[in-house]
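Single-letter residue listing:
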Amino acid sequence: MFYILQMDHNNILGVVLAGGQSKRFGQDKSQVRLQGTVMIDYILSEIIDEFPEILIVSNNDIEFKKAEHISKIEDYQKNVGPLGGVLTAMKWVKDSNKNYKWISTFPSDTPFFKKKLLHEFFNNIKLNDSKLFFIKSNNTRHNIFGLWSVELLDQLEDDVVNKGERKVETWADKVGVSTITIHAGDTDPFFNINTKEDLAKAEDILNHHD
């Protein structure tokens, strides 16, 4: 069941950005197991029924939840960070002659994010306000949880490929971004796994979760 109220759900491509080098963790974070489940499958399980298609951007041969509408591609240009993953997804839309007008992005290392937060995000978006929207909670803007207009493709490509822009936050501020504040629960849904210590903390949270 689709919950996108302000826009046609067929206009949005779900994108999981899993192309990071995971230097602090020491291995591909998307493939780490948390209580027996591959990390990337936590976010896929929450969004699998929310989009007509989901694209995973990863440069590795990874394991992930299989479904007919989930596919994986490599970065158009490697080692340029999350902006490169966004650019890759937008170019895939264009080159594949898809009709998507927006892409909705997610990281692969946030096991506590729930789809009800996605519903709240989408339901509070006014499309005329911006071509880029990020989630905000507890006074923190979450730059990977975003809704990006595919109309930004040309500018994004120029800034990433020709001008060397790498920081999502800087680029978003440059083009203009609207933030949607949502209310998180007791467990931080945006807690992400960057280190082995973070993984241990996540295990502890799940072990004590009712």
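The structure this text deals with has already been given above.
Residues numbered from 1 in each chain as written. Predicted model: local features only at pLDDT ≥ 70, side-chain atom pairs only at ≥ 80, totals over all residues. Heavy atoms only, no water.

## Concerning helix α1 (residues 39–47)
A turn of α-helix holds 3.6 residues, and therefore any two residues three or four places apart point the same way. Selection criterion: A simple rule labels every residue: compare its accessible area, found with a 1.4 Å probe on the protein chains alone, to the largest value its type can have, and call it buried under 20%, exposed over 50%, or partly exposed in between. Numbering of helices and strands runs from the N terminus; a helix is a DSSP stretch of H or I covering at least four residues, while a strand is a stretch of E covering at least two.
When you tally the buried positions in α1, you get eight out of nine residues, the bulk of the element. Every buried residue of α1 is listed here: M39, I40, D41, Y42, I43, L44, E46 and I47.

## Digging into the packing of aromatic side chains
For the record, the criterion: Centres within 6.5 Å are what make two rings of Phe, Tyr or Trp a pair, Trp counting through its six-membered ring; a difference in plane orientation under 30 degrees is then read as stacked, over 60 as edge-to-face, and the rest as tilted. The rule for a charge over a ring is simple: NZ of Lys or CZ of Arg within 6 Å of the ring centre, and within 35 degrees of the ring normal.
Under the criterion given, the structure shown has 12 aromatic pairs. When the ring of W102 is compared with that of F133, the centres are 6.1 Å apart and the planes differ by 45°; the resulting orientation is tilted. Residue W102 is found in strand β6 (residues 102–107), and its partner F133 is found in strand β7 (residues 132–137); the two are separated by 31 residues along the sequence. Look at W102 and you get buried, because its relative accessible area is 9%. Seen in terms of ring centroids, F121 and F122 are 5.6 Å apart; in terms of plane orientation they differ by 25°. Their pairing is stacked. Directly above the aromatic system of Y76 lies the positively charged group of K91, at a separation of 4.6 Å from the ring centroid.

## Points about unusual backbone geometry
Within the chain, Q35 stands out as a residue other than glycine whose phi angle is a positive 50°. Summarising the element assignment, Q35 is placed in the loop between β2 (33–34) and β3 (37–38). Positive phi outside glycine occurs at N138, with the angle close to 50°. Looking at the secondary structure, you find N138 in the loop between β7 and β8 (140–149).

## Some points on the pattern of salt bridges
Counted only if it meets this: We count a salt bridge whenever a side-chain nitrogen from Lys or Arg sits within 4 Å of a carboxyl oxygen from Asp or Glu.
This model, assessed by the stated rule, comprises 11 salt bridges. Ionic pairing is found between K114 and E46, a salt bridge with its closest N-O pair at 3.8 Å. Here K114, found in the loop between β6 and α3 (115–123), pairs with E46, found in helix α1; they are 68 residues apart in sequence, far enough to count as distant. Look at K114 and you get partly exposed, because its relative accessible area is 39%. Taking the relative accessible area as the measure of exposure, E46 reaches 16% and is therefore buried. Ionic pairing is found between K91 and E157, a salt bridge with its closest N-O pair at 3.3 Å. Separated by 66 residues along the polypeptide, K91 in helix α2 (residues 82–95) and E157 in helix α4 (residues 153–162) bring together distant segments of the chain. Residue K91 is classed as buried on the basis of its relative accessible area of 15%. Members of the salt-bridge network, linked through shared partners, are D158, D159, K163 and K174.

## Some remarks on α2
Filter applied, for reference: In a helix, the anticipated span is given by 1.5 Å times the number of residues less one.
With 14 residues, α2 ought to run about 20 Å at 1.5 Å a step, and its terminal C-alpha atoms sit 20 Å apart, in line with that. Most of α2 is tucked away, with 11 of its 14 residues classed as buried. At the C-terminal side of α2, N97 shows a positive phi close to 55°.

## Side note on the sheet that holds strand β1 (residues 12–17)
Note the threshold: Paired strands, as defined in this entry, are two strands with at least two bridges between them according to DSSP. Convention adopted: a line fitted to C-alpha atoms gives each axis, helices being fitted over their contacting stretch, and angles between N-to-C directions are expressed from 0 to 180 degrees.
Taken in spatial order, the seven strands line up as β5-β4-β1-β6-β8-β7-β9 in an open sheet, and their pairing is mixed. The open sheet has two edge strands with one neighbour each: β5 (70–73) and β9 (178–181). Averaged over all pairs of adjacent strands, the angle between their axes in this sheet comes to 30°, without regard to strand direction. In this structure, strand β4 (residues 54–57) lies alongside β5, joined through four bridges in parallel fashion. Bridging across to β5, L55 finds its partner in S71.

## Some thoughts on the pairing of β9
Burial along β9 is one-sided: S178 and I180 are buried, while T179 and T181, pointing the other way, are not. Pairing geometry for β7 and β9, over four bridges, is parallel. Looking across to β9, one finds that I135 is bridged to I180.

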